[in-house]
Amino acid sequence: MLMARGVTIRFGGVVAVGGMDMDVHPGEIVGLIGPNGAGKTTFVNAISGTYVPNAGSIRWQDEDLVGRTPNRLARMGVGRTFQNVASLSDLTVLDIVKVGRSVRGAGGGLRDLFASGRRQDDELAQKYLEPLGLADHRNTPLQMLSYGHRKAVDIARALAGEPDLLLLDEPVAGVAPAEAFALAGFVKKIRDLMGCAVVMVEHKMDIVMCTCDRIVVMAGGVKIFDGSCAGAQSDPEVRRVYLGHA
Amino acid sequence: MFILQLIVAGLAVGSVYAIIALGIVLIYKCSGVVNFAQGGYAMLGAFFTYALTTAGLPSAAALVVSLLLMGVVGALTQTLILRPMLKAPVVAVMMATLGILIIFRAICLLIWGPDQIGFPKLFPDGSIEVGGIFMTYNYVAAFLLSAVLCGAFLAFYRYTPLGLMQRCTADNTRAALAVGIHVSNQVTIAWTASAMLAGLGGSLLASLNGLSLGLSNIGLVAFPVIVLGGMTSLPGAVVAGLILGVLQAVTDGLLTPAIERVLRDYTEIYSVGALQQVIPYALLVVVLLVRPQGIFGSKESERV
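The structure presented is a predicted model; accordingly, all values stated were derived computationally and were not measured. (Residues numbered from 1 in each chain as written. Chains lettered and ligands numbered in written order. Predicted model: local features only at pLDDT ≥ 70, side-chain atom pairs only at ≥ 80, totals over all residues. Heavy atoms only, no water.)

Chemist: Mind showing me how you'd approach the overall build of chain A here?
Modeler: A tally of regular secondary structure across chain A gives 9 helices and 10 strands. At 18 Å, chain A has a C-alpha radius of gyration in line with the 18 Å of a compact globule built from 246 residues. Expressed as lengths along the three principal axes of its C-alpha atoms, the size of chain A is roughly 60 × 40 × 30 Å. Here chain A holds 246 residues, and 50% of them are scored as buried. (Helix = DSSP H or I, 4+ residues; strand = E, 2+ residues; numbered from the N terminus. Rg over C-alpha atoms; globule rule 2.2 N^0.38 Å. Buried < 20%, exposed > 50% of the residue type's maximum accessible area, 1.4 Å probe, protein only.)

Chemist: Is there a simple way to explain the nonpolar core in this structure?
Modeler: As a rule of thumb, nonpolar side chains are buried together in soluble globular proteins. In this structure, Tyr41(B), Phe153(B) and Leu211(B) are the most contacted members of the largest nonpolar core, which totals 136 residues. In terms of nonpolar packing, the next biggest core, distinct from the first, is built from 28 residues, Val44(A), Leu65(A), Leu167(A) and Val201(A) among them. (Core = buried A, V, L, I, M, F, W, Y, C linked by side-chain atoms within 4.5 Å.)

Chemist: Explain the interface of chain B and chain A here, please?
Modeler: Size of an interface: often given as the accessible area lost when the parts come together. With 19 residues of chain B in contact, the opposing surface of chain A contributes 22 residues. On the chain B side of the interface with chain A, the three residues burying the most area are Leu164(B), Asp171(B) and Val179(B), jointly 31% of the side's total. Our enumeration of links across chain B and chain A arrives at 1 salt bridge. Between Asp95(A) and Arg167(B) there is a salt bridge; the shortest N-O distance is 3.1 Å. Taken together, the connections running from chain B to chain A amount to 2 residue pairs in polar contact (both at pLDDT 80 or more). At the level of elements, helix 5 (137-159), helix 6 (161-171) and helix 7 (173-178) of chain B are the ones that each hand at least two residues to the side of chain B that touches chain A. In terms of residues, the side of chain B that touches chain A owes the most to one element, helix 6 of chain B, which gives 7 residues. Here the residues of the side of chain B that touches chain A sort into 12 nonpolar, 4 polar and 3 charged. (Contact = heavy atoms within 4.5 Å. Buried area = accessible area lost by both parts, 1.4 Å probe. Salt bridge = Lys/Arg side-chain N within 4 Å of Asp/Glu carboxyl O. Polar contact = N/O pair within 3.5 Å; in protein donor to acceptor, adjacent residues only side chain to side chain. Nonpolar A, V, L, I, M, F, W, Y, C, P; charged D, E, K, R; others polar.)

Chemist: Mind showing me how you'd approach the sheet that holds strand 3 (residues 29-33) of chain A here?
Modeler: Note: strands within a sheet are paired through backbone hydrogen bonds, in either parallel or antiparallel orientation. Residues and elements named next belong to chain A. Reading across from one edge, 6-7-8-3-9-10 is the order of the 6 strands in this open sheet, with mixed pairing throughout. The sheet terminates laterally at strand 6 (78-80) and strand 10 (222-227), the two strands that pair on one side only. Averaged over neighbouring strand pairs, the angle between their axes works out to 20 degrees when direction is ignored. Here 5 bridges tie strand 9 (residues 214-219) to strand 10, and the two strands are oriented antiparallel to one another. Directly across from Val 217, in strand 10, lies its bridge partner Phe 225. (Pairing = 2+ DSSP bridges. Axes fitted to C-alpha atoms, helices over the stretch in contact; angles between N-to-C directions.)

Chemist: What am I meant to see in the packing of helix 10 (residues 234-266) of chain B against helix 11 (residues 279-290) of chain B here?
Modeler: Residue and element names in this part refer to chain B. Orientation of helix 10 relative to helix 11, taken along the N-to-C sense of each, is 125 degrees, at an axis distance of 10 Å. With respect to their mutual orientation, helix 10 and helix 11 come out oblique. When the axes of helix 10 and helix 11 are compared, the crossing they make is right-handed. Together, Leu 244, Leu 247, Gln 248 and Thr 251 of helix 10 and Ile 279, Pro 280 and Leu 283 of helix 11 make up the contact between the two elements. (Parallel < 35°, antiparallel > 145°, perpendicular 65-115°, else oblique. Left-handed = near helix turned anticlockwise from the far one by under 90°.)

Chemist: Looking at this structure, I do not really get the pairing of strand 9 of chain A. What am I missing?
Modeler: The side chains of a regular strand alternate between the sheet's two faces. Residues and elements named next belong to chain A. Burial within strand 9 is extensive, with 6 of its 6 residues counted as buried. Both faces of strand 9 are covered, namely the face carrying Arg 214, Val 216 and Met 218 and the face carrying Ile 215, Val 217 and Ala 219. Here strand 3 runs beside strand 9; their pairing, made up of 4 bridges, is parallel. Across the sheet, residue Gly 31 finds its bridge partner in strand 9, namely Ile 215. Hairpin geometry of strand 9 and strand 10 is characterised by an intervening segment of 2 residues between the two adjacent antiparallel strands and by a positive phi of about 55 degrees at Gly 220.

Written as structure tokens, this is what we have:
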């Protein structure tokens with residue numbers, strides 16, 4: 001499980017995350033929500049190794065995550081997607097999924113010097129591209145795809161590494177509603193299939209409500225709520241940060 | 001017929017240019033660094049092959065061992081000299097590659113001296129004739145070996161998981177880092193492959209033209225090649241290498257004698273010297289004026 005305690009991240013004098021605690025259990029989908037500037041993405045960046053927290057500890061399956069580089073984390077089974085999709089322009093969709101697979105397994109072995117078979121490619125495409133409606137695009141360069149499709153490719157890339165902990169940073173932002181629900185459904189299906197824990201930063205509340213098992217609300221860099229979806233909707237503190245004083 | 005003969009010889013030399021230039025493009029693509037030391041690697045590879053054959057190894061074994069040694073040298077120079085410069089500006093790293101070139105030249109000068117060395121015969125004497133064109137085994141072997149190595153490298157780059165990570169790093173270093181690729185290891189791999197390509201290229205060139213410290217100047221000829229091909233295009237480097245080889249051969253065989261004939265008729269000038277050595281740089285100027293992005297390069301466009 002993931003255990004974050006007192007995570008603090010400062011940029012100069014600005015405290016983006018100030019003493020954040022969070023637990024994520026295996027097989028659980030946790031929605032991380034909060035108003036803009038609450039520090040959600042910064043917190044996720046700290047878990048995924050982009051930022052090194054100024055204070056606090058982040059432990060994953062009893063190993064310290066703080067200060068690990070993304071390539072180490074990938075091998076430890078921590079995968080993530082990005083709010084702004086990575087612009088790998090020339091690689092094809094299938095290539096990107098293969099990269100996602102490679103970073104998990106690659107130990108610099110000799111196996112990497114030999115071509116991967118067509119059967120393996122088909123298997124990857126069937127497993128990760130078809131459910132996301134990307135099967136027809138497997139040989140399309142990423143830059144030819146729409147924004148929504150690119151987000152889906154990013155998720156397929158992260159999933160191909162078969163992560164035990166998947167961090168999704170606004171997976172459906174800017175995606176058409178119908179596609180968004182399909183994406184959310186797929187995340188749930190993947191969880192049921194692989195049993196991975198998922199942390200999902202998202203603003204679209206309907207998506208969060210129908211996907212997540214638990215909700216953590218952040219505001220001003222700290223956790224203000226941790227509980228069920230229904231609880232979050234009726235919590236006075238959550239209402240206050242979202243809607244202002246009643 | 002004579003011109004065909006020249007073209008065939010030019011293709012052989014050009015294929016060697018191609019593999020040397022491939023290495024420069026490879027490193028440039030994944031780290032943005034122009035490797036000025038490439039000629040040094042070519043020279044070192046040739047000296048290794050020379051030392052190994054004089055030590056009694058058969059030529060095939062010498063070539064393979066030299067290839068592997070160059071891989072080690074490439075990996076070591078990157079790890080020891082360039083990896084600590086990870087956060088340094090690209091220009092500083094390029095200066096360091098210039099330093100590597102100087103060090104390599106000094107080491108070779110120390111061990112093998114400044115004189116032209118008769119390079120051992122890697123391939124048997126003799127020639128084959130195809131349709132009235134004679135090709136010495138030397139040229140045929142140089143062409144075939146370059147083609148095989150070039151093909152093997154491009155297949156590695158296109159089809160293997162490691163090649164995929166190379167392409168990913170070349171495409172967008174920051175994105176590659178973010179999705180979990182160990183970018184500095186990829187740069188080491190690029191240097192290893194590049195040094196191996198250059199080393200074999202150097203050995204083959206030495207088998208055609210003899211060996212001296214001057215071989216390291218081949219690194220300069222490689223620049224017009226990659227500019228012509230488009231800095232970031234691997235197939236571009238190959239095509240441009242072949243074009244340059246043919247141009248040089250044709251200049252040497254046809255253009256120079258023609259110009260000299262005219263000059264001798266009308267002036268006191270007897271010789272124009274090695275005109276074919278001017279060709280790469282003249283080509284460089286023309287390409288930069290007419291089509292700066294090269295044959296296969298794409299214009300950088302930025303969305304505003």
